[in-house]
Amino acid sequence: MIRSKIAGIGHYVPEKAVSNNDLAGVMDTSDEWIQERTGIKERRYGKKHKETTSTMGARAAEIAIQRAGIEKEDVDFIIFATLSPDYYFPGCGVLMQRELGITKTEIGALDIRNQCSGFVYGLSIADQFIKSGMYKNILLVGAEMHSMGLEYSTKGRNVTVIFGDGAGAAIIQPTEEADKGVLTTKLHSDGTYAEKLAFINPGSHGGYHFDKMGEEIDFGYPDQEFGGIFITQQMIDNDMHYPNMEGQFVFKLAVQKFPEVIMEALNETGLQPSDINMLVPHQANLRISQFVQKRMGLRDDQVWNNIQKYGNTTAASIPIALCEAWEAGKVKDGDLVCLAAFGSGFTWGSALIRW
Ligand code: UT7
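These numbers come from a predicted model, not from an experiment.

Caption draft 1: A look at the sheet that holds strand S8 (residues 181-189). Strand order in the open sheet made by the four strands is S8-S13-S12-S11, with mixed pairing throughout. Both outer strands of the open sheet, S8 and strand S11 (278-281), are each paired with one neighbouring strand and no more. Ignoring which end each strand starts from, the neighbouring axes of this sheet average 10 degrees apart. Bridge analysis of S11 against strand S12 (residues 336-343) gives four bridges, and the strand direction is parallel. Considered in S12, the bridge of Pro281 is made with Ala340. Packed onto the sheet, helix H5 (residues 118-131) meets S8, S12 and strand S13 (347-354) and runs at close to 125 degrees relative to S8. Most of the contacts of helix H9 (residues 247-269) go to S8, to which it runs at about 140 degrees, and overall it touches S8, S11, S12 and S13.

Caption draft 2: A look at unusual backbone geometry. Look at the link from Phe89 to Pro90: it is a cis peptide, with omega at -5 degrees. If you trace the backbone, Pro90 turns up in the loop between strand S4 (77-81) and helix H4 (92-100). Of note, the amide linkage connecting Asn201 to Pro202 takes the cis form, showing an omega dihedral of 5 degrees. Within the secondary structure, Pro202 sits in the loop between strand S9 (197-198) and helix H7 (208-212).

Caption draft 3: Main features of helix H12 (residues 317-327). Within H12, nine of the 11 residues are buried, leaving the element largely enclosed by the surrounding structure. Turning to H12, its buried residues are Ser317, Ile318, Pro319, Ile320, Ala321, Leu322, Cys323, Glu324 and Ala325. Gly329 lies just past H12 and shows a positive phi near 75 degrees.

Caption draft 4: Summary view of the packing of aromatic side chains. Taken as a whole, this structure holds 11 aromatic pairs when the rule is applied. Ring centres of Phe77 and Phe129 lie 5.0 Å apart, and the angle between their planes is 70 degrees; this geometry places the pair in the edge-to-face category. With Phe77 in strand S4 and Phe129 in helix H5, the pair connects residues that are 52 residues apart, well separated along the chain. The exposure class assigned to Phe77 is buried, which follows from its relative accessible area of 7%. Pairwise contacts between aromatic rings join Tyr193, Phe249, Phe342, Phe346 and Trp348 into one cluster. For Lys196, the ring lying beneath its charged end belongs to Phe249, and the centroid distance is 4.7 Å.

Rules used throughout
Residues numbered from 1 in each chain as written. Predicted model: local features only at pLDDT ≥ 70, side-chain atom pairs only at ≥ 80, totals over all residues. Heavy atoms only, no water. Pairing = 2+ DSSP bridges. Helix = DSSP H or I, 4+ residues; strand = E, 2+ residues; numbered from the N terminus. Axes fitted to C-alpha atoms, helices over the stretch in contact; angles between N-to-C directions. Contact = heavy atoms within 4.5 Å. Buried < 20%, exposed > 50% of the residue type's maximum accessible area, 1.4 Å probe, protein only. Phe/Tyr/Trp six-rings, centres within 6.5 Å; stacked < 30°, edge-to-face > 60°. Lys NZ or Arg CZ within 6 Å of the ring centre and 35° of its normal.

Structure representation (structure tokens):
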């Protein structure tokens, strides 16, 4: 039976560390508040005009490719997960392909939009392609350059203090080793509360969803017969072009869905929480991870957290954390690794991997 395995993993975080006190210099917040509510001490910001989501993805990819013992030209498919793409279109997959210099092979590149669960969704897609025999060396990347699109003011503080930049990558290959590789992936979504954690503008919505919800929001669309516009002056003047989040609402659902989707994967494979050697949860908030750990009855050494150093790097958070855990020797041959994510959409998912 062919399964897929992670043959190489890499991560990249930009050099510039931004402390909570640095942010307190531009908005009404404090190191104490941020650490107490989120566990975050600092985050990294990419170099403006020099780094982008796709270039950071490429740096992580180079390491994963080298660790998998393959050449760039051996990559036969790209899956790129991000919510902070370089361009509205084309996606980061092709930009990273160009940055890596592997355009001659003309391989396919797929961009996915699943926010915090992007890496888990991407792994599930890669898993299906590998199992079907279609591809042999899939490059899966999660990367974010949040720092270019955050609101650096007191109004945006609940979102801005949480997010950071970075990238993680994995090479997914087939394996015939018994009981090794991706055992299962579980994917879910519920669009009911799509706007509770969202980056609405620019977009093609034209106010539709808000009208339907009975929320009268003036986006400043010009009154014209043909054509529309993704972003208006009014959106910019009124700071409507930033992400927003109802933190407590998201928190409550997250602590419910994380354990649920982890248990779903365990139940399907006949395993128990105690069988998990390393749980790598999406790094949304240290309090969420601690809650999940407690609920699952896991010890400290069974859960990897690094949000303290990087903040929430959305699609990059799982591969960065997984890579660090592997580099630290905490993910070893034969270990049962569980990945789990929850975020905007809402989308959530889990994966169980026998390393
Ligand atoms: O990865 C995607 C998924 N995202 C998540 O899972 C995030 C889930 N939610 C959270 O992590 C938390 O809800 C937050 C960290 C975002 C916020 O923590 P909270 O304990 O839920 O705070 P809150 O939103 O209830 O706000 C409490 C107070 C408010 O002030 P008042 O109304 O009580 O006077 C906020 O205005 O804290 C204020 N506040 C801040 N104060 C200082 C909000 N953000 C900040 C800030 N610094 N950065």
